[in-house]
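Tertiary structure, described
Letter by letter, the chains look like this.
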Amino acid sequence: GESVGLHLPTLSVQEGDNSIINCAYSNSASDYFIWYKQESGKGPQFIIDIRSNMDKRQGQRVTVLLNKTVKHLSLQIAATQPGDSAVYFCAETPNTPLVFGKGTRLSVIA
Amino acid sequence: KAGVTQTPRYLIKTRGQQVTLSCSPISGHRSVSWYQQTPGQGLQFLFEYFSETQRNKGNFPGRFSGRQFSNSRSEMNVSTLELGDSALYLCASSLTGTHEQYFGPGTRLTVT
């Protein structure tokens, strides 16, 4: 598969546990944030987004939390499954284009 | 609905050559963005096209160019290839006025 990043921070979790992936963003003017998942050999896949007028948004098994005070974004994955193994990117924008973080590799231990 | 498609998926070129990559957006999407992904730099924005006009451009040299056709399909061109241009080139499309971008599988370019 494609080599997305050789020196990414890695999070290893046991199957069934909850995962929390963190992201610090840089632009205090950013008002829209997205989490993407990238599996080996594929392009990034949209997971969930949140606007700056919200602190929390929930999707199916995923929750995004936004703390604008410290410019921090997190993605929580409930009951992590082997299929969740991938690289996760946060992206921010005050306007187009999106600015992506470096990514975190999630490794699920069966 | 078909997703974003990119051709070719893999490409090997020699330094000094030029290359053209193609992207077909999701039907109805009029905005197409291009990104370069490398292990060292991550995902970096190249340019965005909307209605055949370049709307935004990233910090890349003039060797990188692109265009969009009336059917929203887009191409990007890299001239005088350098070894450092080896990367995964990703295309993403979105509806007018939204940030939610849908990515294609990418074109893996290797420059030797």
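For the structure itself, look to the data block above.
Residues numbered from 1 in each chain as written. Chains lettered and ligands numbered in written order. Predicted model: local features only at pLDDT ≥ 70, side-chain atom pairs only at ≥ 80, totals over all residues. Heavy atoms only, no water.

1. Describing the sheet that holds strand 6 (residues 62-67) of chain A
Residue and element names in this part refer to chain A. Counted only if it meets this: Pairing between strands requires that DSSP locate at least two bridges from one strand to the other. Only runs of H or I of at least four residues qualify as helices and only runs of E of at least two qualify as strands under DSSP, and these elements are numbered from the N terminus. What counts as an axis is a line fitted to C-alpha atoms, over the stretch in contact for a helix, and the angles between N-to-C directions run from 0 to 180 degrees.
The four strands lie next to each other as 2-7-6-5, forming an open sheet whose pairing is antiparallel. Of all strands in the sheet, those with a lone pairing partner are strand 2 (19-24) and strand 5 (56-58), marking the two edges. In this sheet, neighbouring strand axes are inclined to one another by 15 degrees on average, regardless of whether the strands run parallel or antiparallel. As paired elements, strand 5 and strand 6 share three bridges and run antiparallel to each other. Bridge pairing links glutamine 58 to threonine 63 in strand 6.

2. Some details on the pattern of salt bridges
All names here are of chain B. For clarity, the threshold we go by: Salt bridges are defined as contacts in which a side-chain nitrogen from Lys or Arg sits within 4 Å of a carboxyl oxygen from Asp or Glu. The cut-offs for exposure are 20% and 50% of the maximum accessible area for each residue type, with area from a 1.4 Å probe on protein chains only; residues under the lower value are buried, those over the upper are exposed, and the others partly exposed.
For the structure shown, the criterion picks out nine salt bridges over all chains. The residue arginine 63 makes a salt bridge to glutamate 82 at a minimum N-O spacing of 3.6 Å. A residue pair is termed long-range when its members are at least 10 positions apart, and arginine 63 in the loop between strand 6 (53-57) and strand 7 (64-68) and glutamate 82 in the loop between strand 8 (74-78) and strand 9 (87-94) qualify at 19 residues. Residue classification places glutamate 82 among the partly exposed residues on the basis of a relative accessible area of 42%. Where glutamate 75 meets arginine 67, a salt bridge forms, and the shortest distance between an N and an O atom there is 3.2 Å. The class for arginine 67 is partly exposed, based on a relative accessible area of 47%. Three or more residues are tied together by salt bridges with common partners; here these are Arg63, Glu82 and Asp85.

3. Describing the interface of chain B and chain A
In plain terms, the rule: Contacts: residue pairs with any heavy atoms within 4.5 Å of one another. The term buried area refers to how much accessible surface (probe radius 1.4 Å) is lost by two components on association, counted for both of them together. For the purposes of these results, a polar contact is taken to be a pair of N or O atoms within 3.5 Å, where, inside protein, one atom must be able to donate a hydrogen and its partner to accept one; residues adjacent in sequence count only when each atom of the pair is a side-chain atom. Ten residue types, Ala, Val, Leu, Ile, Met, Phe, Trp, Tyr, Cys and Pro, are classed as nonpolar, four, Asp, Glu, Lys and Arg, as charged, and the remainder, Gly among them, as polar.
Listed as interface residues are 22 residues of chain B and, on the opposing side, 24 residues of chain A. For the pair chain B and chain A, the summed buried area comes to about 1,900 Å², and 55% of that belongs to carbon and sulfur atoms. Together, Pro39(B), Leu43(B) and His99(B) form the three largest contributors to the area buried by chain B at its contact with chain A, with a combined 32%. Connecting chain B to chain A are zero salt bridges. Linking chain B to chain A there are four residue pairs in polar contact (both at pLDDT 80 or more). Looking at the side of chain B that touches chain A, the elements that each hand over two or more residues are strand 4 (31-38), strand 5 (42-50) and strand 9 of chain B. It is strand 5 of chain B that provides the largest number of residues to the side of chain B that touches chain A, a total of four residues. Class assignment of the residues belonging to the side of chain B that touches chain A gives a composition of nine nonpolar, nine polar and four charged.

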